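Architecture at a glance
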Amino acid sequence: MVNRLFNKRILVTGAAQGIGLAIAKACVAEGASLFLVDIDGERLAHEAETLKAGGANIGHQIVDIVDAAQVASAVRRAGDELGPLNALINNAGVNVFAEPLATSDADWQRCFDINLKGAWNCCKAVLPGLIEQGGGAILNIASTHAFTIIPHTFPYPLAKHALLGMTKSLGLEYAARGVRVNALAPGYVATQKVIDYWNSFPDPEAAKAETMKLHPGGRIASPEEIALAAVFMISDECPFMNATCLTIDGGLSVQQHP
Ligand SMILES: NC(=O)c1ccc[n+]([C@@H]2O[C@H](COP(=O)([O-])OP(=O)(O)OC[C@H]3O[C@@H](n4cnc5c(N)ncnc54)[C@H](O)[C@@H]3O)[C@@H](O)[C@H]2O)c1
């Protein structure tokens, strides 16, 4: 399929690698123009230039989404380079995992700053333009951690629960202005973040095998499988999907005793 995102101008955060990069590639394949942001400038520039070399209409900027001024400047530049944005994909996020009582104030702050406040900074910067144009779409990359808890992953699931709350809240607030706000909840996805998680165990290979065993299909998702769902949710193919969350986890989270 091609051109399902024709005329879409989309800001994607955390686009330098993993799920964000897979989403960027899938959106380009469907004809979108993209403004890519990430805190990792070197990797971002490399991926953006590669996409541009393939003929895509791409802008990019180093942005720490925690800094509202940096986000606002990127949104302005995206408008100048591509035209008014009509979609935002809030993908940037980090794992912050600890035993609750061992969580430092700094880790708590970092977790909520990036996984929640950063996403809000982007919504706040993009929403006025969407409203002015009569509508648009926001997709927040949440997680199955937005409605289930894996022990010892505190406080990451709290931030993802709140991100889902923000999705519902903004979806309700701006529905009458034509803005759809939804979330996508991946289970485990094969990205560096998950490899780092496995490497945090004394036996990474055993941790990986345990993760695979948890899944009804015996495997985890590829970033490209998450990107397919993101394209659908940001496209005009689901105009009445709003303030909700689509789970893509191979059936992991519906089991009572995985
Ligand atoms: N990988 C999984 O299993 C999984 C599962 C569920 C949800 N998610 C969510 O999907 C999203 C992407 O995860 P991933 O696995 O691709 O991660 P990743 O670590 O591979 O990529 C995340 C990207 O975000 C960027 N980033 C981090 N902090 C930033 C900041 N402050 N400002 C701008 N960019 C920043 C990083 O530089 C990186 O390029 C995250 O929100 C994550 O919580 C991932």
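The rules behind each value
Residues numbered from 1 in each chain as written. Predicted model: local features only at pLDDT ≥ 70, side-chain atom pairs only at ≥ 80, totals over all residues. Heavy atoms only, no water. Helix = DSSP H or I, 4+ residues; strand = E, 2+ residues; numbered from the N terminus. Rg over C-alpha atoms; globule rule 2.2 N^0.38 Å. Buried < 20%, exposed > 50% of the residue type's maximum accessible area, 1.4 Å probe, protein only. Areas by Shrake-Rupley, 256 points an atom, 1.4 Å probe, with all protein chains shown as cover. Lys, Arg positive; Asp, Glu negative; His and termini not counted. Charge placed at Lys NZ, Arg CZ, Asp CG, Glu CD. Phe/Tyr/Trp six-rings, centres within 6.5 Å; stacked < 30°, edge-to-face > 60°. Near = heavy atom within 4 Å. Polar contact = N/O pair within 3.5 Å; in protein donor to acceptor, adjacent residues only side chain to side chain. Nonpolar A, V, L, I, M, F, W, Y, C, P; charged D, E, K, R; others polar. Domains from an automatic or database assignment. Pairing = 2+ DSSP bridges. Axes fitted to C-alpha atoms, helices over the stretch in contact; angles between N-to-C directions. Contact = heavy atoms within 4.5 Å. Salt bridge = Lys/Arg side-chain N within 4 Å of Asp/Glu carboxyl O. Expected span 1.5 Å × (residues − 1). Core = buried A, V, L, I, M, F, W, Y, C linked by side-chain atoms within 4.5 Å.

Moving on, we come to the overall build of the protein chain. A tally of regular secondary structure across the protein chain gives eight helices and nine strands. At 18 Å, the protein chain has a C-alpha radius of gyration in line with the 18 Å of a compact globule built from 258 residues. Along the longest, intermediate and shortest principal axes, the C-alpha atoms of the protein chain span 50 × 35 × 35 Å. Counting every position in the protein chain, which comprises 258 residues, the buried fraction comes to 49%. By element, 56% of the accessible surface of the protein chain is carried by carbon and sulfur atoms, the whole surface being about 12,100 Å². In the protein chain, which carries 19 positive and 25 negative side-chain charges, the distance between the mean positions of the two groups comes to 5 Å.

Next up on the list: the packing of aromatic side chains. Summed over the entire model, instances satisfying the criterion amount to six aromatic pairs. Summarising the aromatic geometry, the rings of Tyr 197 and Phe 201 are spaced 5.2 Å apart at their centres and angled 90° between planes, so their arrangement reads as edge-to-face. Classification of Tyr 197 as buried rests on a relative accessible area of 16%. Joined through ring pairs, the aromatic side chains of Phe 97, Tyr 156, Tyr 188, Tyr 197 and Phe 201 make up one cluster.

Turning next to the site of the ligand. Neighbouring the ligand are 28 residues; Asp 38, Asn 91, Tyr 156, Val 189 and Thr 191 lie closest to it. Residue Ile 19 places a main-chain N or O atom 2.8 Å away from an oxygen atom belonging to the ligand. Contact with the protein chains covers 92% of the free accessible surface of the ligand, which is 830 Å². For the shell around the ligand, the secondary-structure elements that each account for two or more residues are helix H1 (18-29), helix H5 (156-174) and helix H6 (192-199). Taken together, the residues of the shell around the ligand break down into 15 nonpolar, eight polar and five charged. Domain assignment of the residues forming the shell around the ligand places at least three in each of domain 1 (9-186 + 222-248) and domain 2 (189-220).

Attention now goes to the sheet that holds strand S3 (residues 58-62). Across the sheet, which stays open at both edges, the seven strands sit in the order S3-S2-S1-S4-S6-S8-S9 with parallel pairing between neighbours. The outermost strands of the open sheet, each flanked by one partner alone, are S3 and strand S9 (245-248). Going across the sheet, the axis of each strand differs from the next one's by a mean of 15°, ignoring polarity. Across the sheet, H5 is in contact with strand S6 (136-141), strand S8 (179-186) and S9; its angle to S8 comes to roughly 160°.

This paragraph deals with the pattern of salt bridges. Oppositely charged side chains can pair when the atoms bearing their charge come close. Within this structure, the stated rule accounts for eight salt bridges. Between Asp 40 and Arg 43 there is a salt bridge, with the nearest N and O atoms lying 3.2 Å from each other. Looking at Asp 40, the relative accessible area reads 29%, which means it is partly exposed. The partly exposed category is assigned to Arg 43, whose relative accessible area is 40%. Close ionic contact of Lys 213 with Glu 210 constitutes a salt bridge, the shortest N to O distance being 3.7 Å. In this pair, Lys 213 and Glu 210 are both assigned in helix H7 (residues 204-214), three residues apart and thus about one turn of the helix distant. Residue Glu 210 is classed as partly exposed on the basis of its relative accessible area of 42%. Members of the salt-bridge network, linked through shared partners, are Arg 4, Glu 30 and Glu 237.

Along the chain, Asn 121 turns up in helix H4 (residues 105-132). You can call Asn 121 buried: its relative accessible area is 6%. A distance of 3.1 Å separates a polar side-chain atom of Asn 121 from the backbone oxygen of Val 66. Dropping the residues within four chain positions of it, Asn 121 is found in contact with Ile 65, Val 66, Asp 67, Ala 68 and Val 71.

Turning our eyes to something else, we now look at helix H3 (residues 68-82). Compared with an ideal rise of 1.5 Å per residue, which puts 15 residues at 21 Å, H3 spans 21 Å between its outermost C-alpha atoms and is within 8% of the ideal. In the core, the buried residues of H3 are packed alongside strand S1 (9-13), strand S2 (33-38), S3 and H4. The N-capping residue of H3, defined by a side-chain oxygen 2.9 Å from the backbone nitrogen of Ala 69, is Asp 67. Just downstream of H3 lies Gly 83, where phi reads positive at about 105°.

The next point concerns the nonpolar core. The biggest cluster of nonpolar side chains holds 36 residues, and the ones touching the most others in it are Ile 10, Cys 27, Leu 34, Leu 36 and Ile 89. Where this core is concerned, the elements lending two or more residues are S1, H1, S2, helix H2 (41-53), strand S4 (87-90), S6 and helix H8 (223-234). In terms of residues, this core owes the most to one element, H8, which gives seven residues. Ignoring any residue separated from it by four or fewer positions in sequence, one finds Leu 36 in contact with Val 12, Ala 15, Ala 24, Leu 44, Ala 48, Leu 51, Ile 58, Gly 59, His 60 and Gln 61. Core analysis: the second largest hydrophobic core is formed by 30 residues, Val 71, Ala 78, Cys 123 and Leu 130 among them.

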